[in-house]
2 protein chains.
Amino acid sequence: MVTLNDVYIIGAGETKFGELWDKSLRELAVEAGLKAVEDAGVYTKDIDILYGSNTLGAGISYQNDIGSLISDFSGIAADHIPALRVEASTASGAAAIREAYLSIRSGEYNVAMIGGVEKLTDIYGSEILDKTSTLLDSEWEAFFGATPAAVAALTARKYMKDFNVSKEVLARISVNDHENASKNPDAQFRNRISVETALNSLPVAEPLNIMDCSPIGDGAAALLLASEEFVKKNKIDGVRIIASSIAQDFLALHSRESIYRLDSTVIAARKALEKAGIRNDQIGMVELHNSYSIYGLIALEDLGFAEKGKAKDLVEADIKLDGRIPVNPSGGLKAKGNPFGATGVGQAVEAYLQFKNRAGERQIKGLEYAMLHNMGGSGSTSIVHILGGA
Amino acid sequence: MVTLNDVYIIGAGETKFGELWDKSLRELAVEAGLKAVEDAGVYTKDIDILYGSNTLGAGISYQNDIGSLISDFSGIAADHIPALRVEASTASGAAAIREAYLSIRSGEYNVAMIGGVEKLTDIYGSEILDKTSTLLDSEWEAFFGATPAAVAALTARKYMKDFNVSKEVLARISVNDHENASKNPDAQFRNRISVETALNSLPVAEPLNIMDCSPIGDGAAALLLASEEFVKKNKIDGVRIIASSIAQDFLALHSRESIYRLDSTVIAARKALEKAGIRNDQIGMVELHNSYSIYGLIALEDLGFAEKGKAKDLVEADIKLDGRIPVNPSGGLKAKGNPFGATGVGQAVEAYLQFKNRAGERQIKGLEYAMLHNMGGSGSTSIVHILGGA
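Everything numeric in this text was worked out from a predicted model, so none of it was measured.

Asks: Tell me what's going on with the overall build of chain A, and back it up with residues and numbers.
Replies: Across its full length, chain A holds 13 helices and 11 strands. Taking 390 residues into account, the globule formula puts the C-alpha radius of gyration at 21 Å, and chain A, at 19 Å, falls close to it. With the C-alpha coordinates aligned to their principal axes, the bounding extent of chain A is approximately 55 × 45 × 40 Å. By residue count, 66% of the 390 residues in chain A fall in the buried class.

Asks: So, the nonpolar core: which residues are in play, and what are the values?
Replies: Among the nonpolar cores identified, the biggest contains 257 residues, and Leu223(A), Leu225(A), Leu223(B) and Leu225(B) are the most heavily contacted of them. If near-sequence neighbours (up to four positions away) are discounted, Leu223(A) is found in contact with Ile9(A), Gly11(A), Ala12(A), Ala36(A), Ile97(A), Ile114(A), Val345(A), Ala348(A) and Val349(A).

Asks: Could you give an account of the pairing of strand β1 (residues 7-14) of chain A, with specific residues and numbers?
Replies: Residues and elements named next belong to chain A. Within β1, 8 of the 8 residues are buried, which leaves it mostly tucked inside the rest of the structure. Here 7 bridges tie β1 to strand β7 (residues 219-227), and the two strands are oriented antiparallel to one another. Across the sheet, residue Ile9 finds its bridge partner in β7, namely Leu225. Across 2 bridges, the pairing between β1 and strand β8 (residues 239-248) is antiparallel. Paired with Ile9 across the strands is Val239, a residue of β8.

Asks: Quick rundown of the domain arrangement of chain A? Include the residues and the values.
Replies: Residue and element names in this part refer to chain A. Taken domain by domain, chain A consists of domain 1 (7-124 + 217-240) and domain 2 (127-214 + 242-389). Summarising the inter-unit geometry, the C-alpha centres of domain 1 and domain 2 are found 22 Å apart. Taken together, the 40 residues of domain 1 in the interface contact 41 residues of domain 2. Those elements that place two or more of their residues in the side of domain 1 that touches domain 2 are β1, α2 (57-60), α4 (92-105), β4 (111-118), β7 and β8. Of all the elements, α4 adds the most residues to the side of domain 1 that touches domain 2, at 8 residues. Of the residues assigned to the side of domain 1 that touches domain 2, the class counts are 22 nonpolar, 12 polar and 6 charged.

Calculation rules
- Residues numbered from 1 in each chain as written.
- Chains lettered and ligands numbered in written order.
- Predicted model: local features only at pLDDT ≥ 70, side-chain atom pairs only at ≥ 80, totals over all residues.
- Helix = DSSP H or I, 4+ residues; strand = E, 2+ residues; numbered from the N terminus.
- Rg over C-alpha atoms; globule rule 2.2 N^0.38 Å.
- Buried ≥ 20, exposed ≤ 12 C-beta atoms within 10 Å, placed from the backbone.
- Core = buried A, V, L, I, M, F, W, Y, C linked by C-beta atoms within 7 Å.
- Contact = placed C-beta atoms within 7 Å.
- Pairing = 2+ DSSP bridges.
- Domains from an automatic or database assignment.
- Nonpolar A, V, L, I, M, F, W, Y, C, P; charged D, E, K, R; others polar.

Structural data, given as structure tokens:
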């Protein structure tokens, strides 16, 4: 069912993700943005609004107002195209997509640009822990020394105990990411890893090793969204945003109903499937938010691909590129990388490339529906998008 | 002309603005939010989405994801009501209002909550300069030692020279704010000041004295917006958002066409008036963004109330509560206060109270249209709303 105010992705671009020492926050954002504009084949003056997405720029690059920064440095400020920033922790990218989507559906705009960017490598050592811990509840978690990795580790311990899950199962989430990333030129890590490598990697927070943790890295990703009207008028073959959903849970872990059922994900996924009017088993690929391997496992369940405690049955074969439900064809947060503000936008870039048959060696054949799952911190906010070919 | 997807303010609340040492970021946000919910007479479960607005919480309170924080601490996270944060520098409050407005117009939501909050007094001395300077262009302005006050002072010097404007004219913007704030129990400063007091106050950045500068302070403001459908169904007498506009200029001052014409304001105001289908002289009150007195003077011109260089003709009589165009009946940024994320939301709270005849001693009679002007930093983004009685 195509309606008059449907919204399409008409262009996408991203930088390589990684330790990009020689590129600044603003350079990354503009590089991705210009790629998206070129890809869409529109003029910058066609853009009605810019939604910037960034999480830690104020603390790391001493820069707030990043919507304006991108608008300024790309030159589109000369056309007075408005800009603002959306922040929902590490779900900022999907939140920006969603705000852009709603702004077009409201009839206010025809073309919206989304620019997600993060520059995490300009600080070092414990500083990055201080900054990333601002994503937790500052008074009830971070104040007592909790870090994102520690919170993920708590979740993993309880999950592994209750469902008799081994570290090997967690490792396979990361192994799959690295396998796919080896086929993605934009990925931070393109090396394949074995389960043994993952299990023998440096411990971070028991039971999580460094190969269970998404890396610190820089990067930017950009999208152009357009209205049905614009797409038709300009005869553009876009990728449709079929559904967009967002749901919330408590910020602090201790208030949640379950430590390993992410209700924000459960609800956002259910609502998205309802809106799209499809069943979970019609999804041909999923980009999910595995900032830590445990979250990848849990997300598989909370997105509806397995019963609680049963995701372990999927990690050997089903999640592979040629499996029943390909997970993170891009390489995911573990191996493509996790530059927070860009992460959720980059997930959509991957789906767009897949629908356009431009995903190279990692191309999925006959894709009908893609699901994107971007999560704030340890699950405060989850945002799910379902995309489909036009 | 009332259309089916019109949007109304149905409830408003705010904390006192000021140096609120005994209240935390989260306490302030929830206090304002609960007041707004109580004022609207709705149930929290009626709320579909929470738009948080905050500017410097990550740097000062070590807290990102402030949408989630408010959702969590207020308890509405139990209902999984989604939350995110909007940031557009010091225009974050109006940006959140605008995103909530568009989300309702898109048909996605019926009731949106906006919670603007800022806690600036938890740091001291030069730290606050470091943090507020993240609102400038970090590489081209802040890096070289520019501060928001210095940038405003540059603008003031050029403006005063070119248009033969005295410091007394600037002072009158602040004098008017203090006069009005004396009638506002929520204001940070309720003392009246004379032109002489302002002129003899401590210098900050020549030609600006401390009485030309909005204060550092804490505070929160909240609104409930609702759709036409919700308002009709529940027989609520709301205040209509007739127009919402946003426009952009370069972040860095040196790239702009004019140092003292704020094109983002000029364009946002023109678009808002066009959308509302009214003339500037039908506006019965304006809340404008005078973070520094010079910006108040310039905004009067760029919003269309005076020709460039002529706002000086308005400052003695016209801007007063009983004048031709009452300016900042709330007390404005100078005297009601300027807790960034709350500032733009607080402007709407004031207009709402005025339309509801609940503005006490500062009540404006027979108000038909109110204009709100919230600006990012030195003018990167300007957002203009026009409100009207239902």
